[in-house]
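# Understanding the architecture of this molecule
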Amino acid sequence: MTEHGMRVGALPGITVRNGCISTVSKGREIKLNISTRSFEGLKTAHANLNSPFEKYTPEQLKNVVQYQIQKVWKQGLIKTRFSPHDIRHLFAVREYQKDKDLIRLRNLLCHSSVNV
């Protein structure tokens, strides 16, 4: 999510093959390279490396992510609580700051328009 700005709703459909992630989000097909860090994280979590989130609904994944955020906030490891969708916003801001290219950002986020 943090590396690609992916929606939580796209996670259950993820498949990982040959170093690439593919899924569908809001009717659009997404294909991305998986980073070594993400791949190692899936291995560490003992996830099914072909379809790591297939047994979860988008709502369940949202709750798991929210629970983990709450947990590290309570431990004092982060100063502010945030939602899983806020991670998508953070991705968008960081990508926009790289080159201020709204068309590239629209494509990365799979939006239909730069107005979104």
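Read on for a plain summary of the structure. Computed from a predicted structure; not experimentally measured. (Residues numbered from 1 in each chain as written. Predicted model: local features only at pLDDT ≥ 70, side-chain atom pairs only at ≥ 80, totals over all residues. Heavy atoms only, no water.)

Strand order in this open sheet of 3 strands is β1-β2-β3, and the pairing throughout is antiparallel. Every interior strand has two partners, whereas the edge strands, β1 (15-17) and β3 (28-33), have only one. For this sheet, the mean inter-axis angle between neighbouring strands, taken without regard to orientation, is 25 degrees. (Pairing = 2+ DSSP bridges. Helix = DSSP H or I, 4+ residues; strand = E, 2+ residues; numbered from the N terminus. Axes fitted to C-alpha atoms, helices over the stretch in contact; angles between N-to-C directions.)

Here Ser51 lies in the loop between α1 (36-44) and α2 (58-74). By relative accessible area, Ser51 is classed as buried at 13%. Setting aside its immediate chain neighbours within four residues, Ser51 contacts Ile14 and Thr15. (Buried < 20%, exposed > 50% of the residue type's maximum accessible area, 1.4 Å probe, protein only. Contact = heavy atoms within 4.5 Å.)

A word on helix α3 (residues 84-99). Within the span of α3, buried status applies to Pro84, Ile87, Arg88, Phe91, Ala92 and Glu95. Along α3, the residues classed as buried sweep out an arc of 140 degrees about the axis, all on the same side. On its buried face, α3 is in contact with α2 and α4 (102-109). Immediately downstream of α3, the backbone of Lys100 shows phi near 60 degrees, a positive value. (Arc of directions from axis to C-beta.)

Another aspect to go through is the nonpolar core. Core analysis: the biggest nonpolar cluster contains 10 residues, these being Met6, Val8, Ala10, Leu11, Ile14, Val16, Ile21, Ile34, Leu42 and Leu61. What Leu61 contacts, discounting residues up to four positions off in sequence, is Val8, Leu11, Pro12, Phe53 and Tyr56. (Core = buried A, V, L, I, M, F, W, Y, C linked by side-chain atoms within 4.5 Å.)

Moving on, we get to α4. Because an α-helix packs 3.6 residues into every turn, residues spaced three or four apart end up facing the same way. Regarding α4, its N-cap is Asp101, as a side-chain oxygen of that residue lies 3.1 Å from the backbone nitrogen of Ile103 further along. Directly after α4, the chain includes Cys110, whose backbone phi takes a positive value near 60 degrees. (Polar contact = N/O pair within 3.5 Å; in protein donor to acceptor, adjacent residues only side chain to side chain.)

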